[in-house]
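# Structural characterization, general
Listed here are the chains, written in short residue letters.
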Amino acid sequence: MIEAYPFLAPDFQSKEPKELSLLSIVSQSFFQPFSVDDNLLVIMTALTSGSGVGFNRAMLFRADGDKLRGGKWLGPRSPEEARMIWEVLSTPGLGYLEIIEHNRWLLSRDADAMTGKIAPLEFSLARDNLTIPVTAVAKNELLLVREASREPLVDPRFLQAIGVDEFLCVPLLAQGEVLGEIVLDNAFSRKRIEPKDVKLAGLCGLMAANYIYTATLHQRMVEMERMAALGEMAMFITHQIRNPLTAMGGFTDQLLNAPADEAKRRRNLEIIRREIRRLENVVYELAHFLKVDPSRRPEPFDLKRELRAVLQEMEPRAAAEGREIRADIDDLLPPVLGDPIAVGEVLRNLIVNAFEASPAGSRIEVAAERRDAAWVSVSVKDAGHGISPEARARLFSPFFTTKERGMGLGLLYVKRVMDACGGTIEVESEAGRGTTFRLAFRSREEGRAEA
Ligand code: ADP
Ligand code: MG
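As the structure is a prediction and not an experimental result, all values here were calculated from the model. (Residues numbered from 1 in each chain as written. Chains lettered and ligands numbered in written order. Predicted model: local features only at pLDDT ≥ 70, side-chain atom pairs only at ≥ 80, totals over all residues.)

### Looking at the overall build of the protein
Scanning the protein for helices and strands turns up 14 helices and 13 strands. On C-alpha atoms alone, the protein measures out to a radius of gyration of 33 Å, which is more than a quarter above the 22 Å that the 2.2 N^0.38 rule sets for 451 residues. Taking the principal axes of the C-alpha coordinates as reference, the protein spans close to 95 × 70 × 40 Å. By the burial criterion, 28% of the 451 residues in the protein qualify as buried. Contacts spanning at least 24 positions in sequence make up 68% of the contacts within the protein whose residues lie at least 6 apart. (Helix = DSSP H or I, 4+ residues; strand = E, 2+ residues; numbered from the N terminus. Rg over C-alpha atoms; globule rule 2.2 N^0.38 Å. Buried ≥ 20, exposed ≤ 12 C-beta atoms within 10 Å, placed from the backbone. Contact = placed C-beta atoms within 7 Å.)

### Notes on the sheet that holds strand β4 (residues 143–145)
The strand order across the open sheet formed by six strands is β3-β2-β1-β6-β5-β4, and the pairing between neighbours is antiparallel. Both edges of this open sheet fall to β3 (122–124) and β4, since each of them pairs with a single strand only. Adjacent strand axes in the sheet meet at a mean angle of 25 degrees, parallel and antiparallel pairs treated alike. Alignment of strand β2 (residues 67–74) against β3, held across three bridges, turns out to be antiparallel. Looking at β3, one finds that Arg 69 is bridged to Glu 122. Running over the sheet, helix α8 (residues 195–257) touches β4, β5 (167–174) and β6 (177–185) and is turned about 30 degrees from β5. (Pairing = 2+ DSSP bridges. Axes fitted to C-alpha atoms, helices over the stretch in contact; angles between N-to-C directions.)

### Here's the deal with the pairing of β5
Most of β5 sits inside the fold, with seven of its eight residues counted as buried. In this sheet, β5 lies alongside β4 in antiparallel orientation, the contact comprising three bridges. Bridge pairing in β5 links Leu 144 to Leu 168. Across eight bridges, β5 lies against β6 in antiparallel orientation.

### Some thoughts on the nonpolar core
Residues Ile 43, Leu 47, Ala 58, Ile 182, Leu 184 and Ala 208 are the most contacted members of the largest nonpolar core, which totals 50 residues. In this view, Ile 43 contacts Val 26, Ser 29, Cys 204 and Ala 208; residues no more than four positions away in its chain are not counted. In terms of nonpolar packing, the next biggest core, distinct from the first, is built from 30 residues, Ala 342, Val 343, Phe 437 and Phe 441 among them. (Core = buried A, V, L, I, M, F, W, Y, C linked by C-beta atoms within 7 Å.)

### Quick notes on the site of ligand 1
Close to ligand 1 lie 23 residues; Asn 353, Ala 357, Thr 401, Gly 406 and Gly 410 are nearest. Looking at the shell around ligand 1 residue by residue, the classes come out as 10 nonpolar, 11 polar and two charged. (Near = placed C-beta within 6 Å. Nonpolar A, V, L, I, M, F, W, Y, C, P; charged D, E, K, R; others polar.)

### Quick look at the sheet that holds strand β12 (residues 424–430)
What the five strands build is an open sheet, ordered β8-β10-β11-β13-β12; its pairing is mixed. In this open sheet, the two strands that pair with only one neighbour each are β8 (324–329) and β12. Across the sheet, the mean angle from the axis of one strand to that of its neighbour is 10 degrees, orientation sign disregarded. Bridge analysis of strand β10 (residues 363–370) against strand β11 (residues 375–382) gives six bridges, and the strand direction is antiparallel. Along β11, the bridge assignment pairs Ala 368 with Val 378. Contacts from helix α11 (residues 340–357) reach β10, β11 and β13 (434–442) within the one sheet, and its direction differs from that of β11 by about 25 degrees.

### Concerning the domain arrangement of the protein
Each domain of the protein was delimited in the assignment, giving domain 1 (18–220), domain 2 (229–290) and domain 3 (299–450). Computed from C-alpha coordinates alone, the two centres of domain 2 and domain 3 are separated by 31 Å. With seven residues of domain 2 in contact, the opposing surface of domain 3 contributes five residues. Within the residue set of the side of domain 2 that touches domain 3, elements represented by two or more residues are α8 and α9 (262–290). When residues of the side of domain 2 that touches domain 3 are assigned to their parent elements, the largest contribution, four residues, is made by α8. The residue makeup of the side of domain 2 that touches domain 3, split by class, is five nonpolar, no polar and two charged. (Domains from an automatic or database assignment.)

### Let's talk about the confidence of the model for the protein
Considering every residue of the protein, the mean pLDDT works out to 86; 90% of them sit at 70 or more. Below a pLDDT of 50 lies the segment residues 446–451, which in the model reaches five contacts outside its immediate sequence neighbourhood of four places, other chains included. (pLDDT = per-residue confidence, 0-100.)

### Side note on the pairing of β6
The buried fraction of β6 amounts to eight of the nine residues, a majority that puts the element mostly inside the structure. Two successive antiparallel strands, β5 and β6, enclose a turn made up of two residues, where Gln 175 displays a positive phi of approximately 50 degrees.

As structure tokens, this is what we get:
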């Protein structure tokens with residue numbers, strides 16, 4: 001027998017022990033698509049929402065370079081409020097959106113009172129490492145401080161801000177990197193912090209540190225990818241427009257500076273016009289490429305008709321360039337899902353690539369058949385020079401081209417269109433023997449079955 005369960009059962013929070021509920025809330029919040037700050041707030045709320053478990057207040061410090069800086073301070077102001085927050089948190093079916101709303105409200109209310117007190121606090125991770133609260137992150141240890149006013153190691157400004165004699169420092173570290181610290185206390189209930197509270201806080205601290213670490217890493221990666229793509233695009237466009245511009249500049253200068261006979265004038269103007277066309281084409285391809293809208297819902301359309309139209313349109317070019325296109329299109333093709341105009345463009349791209357890869361006199365085979373009840377496959381096969389393993393790995397990357405005047409956007413466009421209509425694309429290629437691109441479209445029957 002096999003039983004399937006959701007990660008968080010709807011009744012989980014009300015029936016289970018509160019410790020489990022707390023851990024559940026904390027770990028679930030990491031999977032919510034909220035900002036790091038909002039998710040940290042959920043953790044702090046969970047840590048302070050208890051009646052019976054948890055603390056009264058949570059104070060967050062974030063590491064910033066060599067500094068540990070005061071961030072947010074959250075907590076109910078009375079036992080009644082603590083109970084109310086717990087009620088809110090453990091209401092079955094309550095979403096994280098509400099919890100976050102609630103948190104923002106708590107924070108805005110406390111903005112000047114509590115957070116205002118710790119925001120100015122700032123410590124040096126290197127120099128203040130013997131001072132509490134920094135010691136906890138310096139040693140990566142949970143520190144439970146009782147009778148704080150008698151402890152010379154506790155920083156006096158910190159002690160004044162927190163205003164209690166007992167608190168727990170939870171360091172947030174991941175992979176040896178200091179990310180921050182959470183300080184917990186029971187300012188209102190004056191309840192003694194017990195070893196079991198320390199254990200639970202430690203677990204939450206580990207999860208929070210791991211979460212901040214992954215989230216920050218992810219942010220850095222996205223940023224790096226964006227910068228790399230931007231750099232690549234700038235370099236590529238520079239390269240694409242530099243040659244035509246240089247040519248146009250040179251030939252225009254000639255016309256302006258030296259008297260020329262009619263034939264030379266005409267030749268120069270023709271070159272200039274050709275280069276302008278080239279630039280127009282660059283702009284067209286870029287604009288066209290940016291037009292794919294992945295959020296558009298794919299509609300059923302007649303693939304057979306679209307294929308025939310594209311083949312008919314390519315025929316004269318094939319003849320002019322000495323290529324034969326052989327089509328083998330199943331007459332009983334069912335409608336497929338996609339955007340017919342984009343799919344037409346996809347086929348044009350694949351056929352043009354096949355032309356460009358194969359010698360004059362060779363044949364390009366386009367076939368379409370129903371693969372099974374759910375899928376229709378279309379293939380474009382050439383007997384050209386094939387694709388090297390290195391090129392293959394980069395085929396769908398933006399601006400990857402092996403052609404002198406290529407844009408390297410064709411296959412990326414093809415991939416985006418196929419992704420947008422829920423289809424797939426596969427390549428089979430052997431150096432020197434040819435290449436086959438295989439597309440799979442979802443057929444309408446499949447679309448119906450899903451609906
Ligand atoms: P472009 O055609 O502008 O170079 P594409 O994205 O259409 O850009 O293609 C990227 C690269 O993939 C081409 O430069 C070529 O190296 C390779 N390629 C694509 N189709 C084929 C094919 N049928 N045979 C061999 N190589 C191909
Ligand atoms: Mg191309």
